[in-house]
Amino acid sequence: LVRMREWKLLFTISKDGVSFSTFYKNTRDRDNTVLLIRDDTGKVFGAYLCEQWRPGMHFYGLGESFVFSFDKDGKVYVSRYSGENEKI
């Protein structure tokens, strides 16, 4: 039997505002998070991070993290780690 973690909402603009400081504070010491965004045109996209969010000037993350988007029919497109940034 596989047990999944219980989902917990850590940050939402409607409740917490638009401050990145608040976002980082609310997600501190949390790993395995999902970020969901709906833009002004209704497009939904996001990311899964297996480590905690933190501000920085350079990219970071593990190969298990990924970004994703949905098309208008609800089909999911996933962009996984490619290693391309390692060449920079």
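Residues numbered from 1 in each chain as written. Predicted model: local features only at pLDDT ≥ 70, side-chain atom pairs only at ≥ 80, totals over all residues. Heavy atoms only, no water.

Asker: Explain the overall build of the protein chain to me, using residue names and the numbers behind them.
Answerer: The helix and strand tally for the protein chain stands at 2 helices and 4 strands. Along the chain direction, N to C, the helices and strands of the protein chain fall in the order α-α-β-β-β-β. Based on the C-alpha atoms only, the size of the protein chain along its principal axes is roughly 40 × 40 × 35 Å. Of all 88 residues assigned to the protein chain, the portion counted as buried reaches 19%. When contacts within the protein chain are restricted to residue pairs at least 6 apart in sequence, long-range pairs at least 24 apart make up 20% of them. Of the roughly 7700 Å² of accessible surface on the protein chain, a fraction of 55% belongs to carbon and sulfur atoms. (Helix = DSSP H or I, 4+ residues; strand = E, 2+ residues; numbered from the N terminus. Buried < 20%, exposed > 50% of the residue type's maximum accessible area, 1.4 Å probe, protein only. Contact = heavy atoms within 4.5 Å. Areas by Shrake-Rupley, 256 points an atom, 1.4 Å probe, with all protein chains shown as cover.)

Asker: Run through the layout of surface pockets, naming residues and quoting values.
Answerer: Any empty space left between atoms is shown by rolling a water-sized probe over those atoms. If you add up the space inside the largest pocket, you get close to 1000 Å³. Together, 28 residues line the largest pocket, and Leu9, Leu10, Val34, Leu35 and Leu36 are the ones closest to its centre. At the level of secondary structure, the elements contributing two or more residues to the lining of the largest pocket comprise α1 (13-16), α2 (20-27), β1 (33-38) and β2 (44-49). Take the lining of the largest pocket: its biggest share by element is 6 residues, from β1. (1 Å grid on protein atoms, 1.4 Å probe; cavity = no way out; pocket = protein on both sides within 12 Å on 5 of 7 lines; lining within 4 Å. Points joined across faces, edges and corners; volume = space filled by probe spheres on them.)

Asker: I'd love a proper account of the environment of Asp31, names of residues and values included.
Answerer: Considering the arrangement of structural elements, one finds Asp31 in the loop between α2 and β1. Discounting residues that sit within four places of it in the chain, Asp31 has contacts with Arg5, Leu49, Cys50, Glu51 and Gln52. A polar contact is formed between the side chain of Asp31 and the side chain of Asn32, at a distance of 3.5 Å. (Polar contact = N/O pair within 3.5 Å; in protein donor to acceptor, adjacent residues only side chain to side chain.)

Asker: Provide a residue-level description of the pattern of salt bridges, including the pertinent values.
Answerer: Summed over all chains, the structure comprises 1 salt bridge. Arg54 is the partner of Glu51 in a salt bridge, and the nearest nitrogen-oxygen pair spans 2.9 Å. By relative accessible area, which is 18% here, Glu51 ends up buried. (Salt bridge = Lys/Arg side-chain N within 4 Å of Asp/Glu carboxyl O.)

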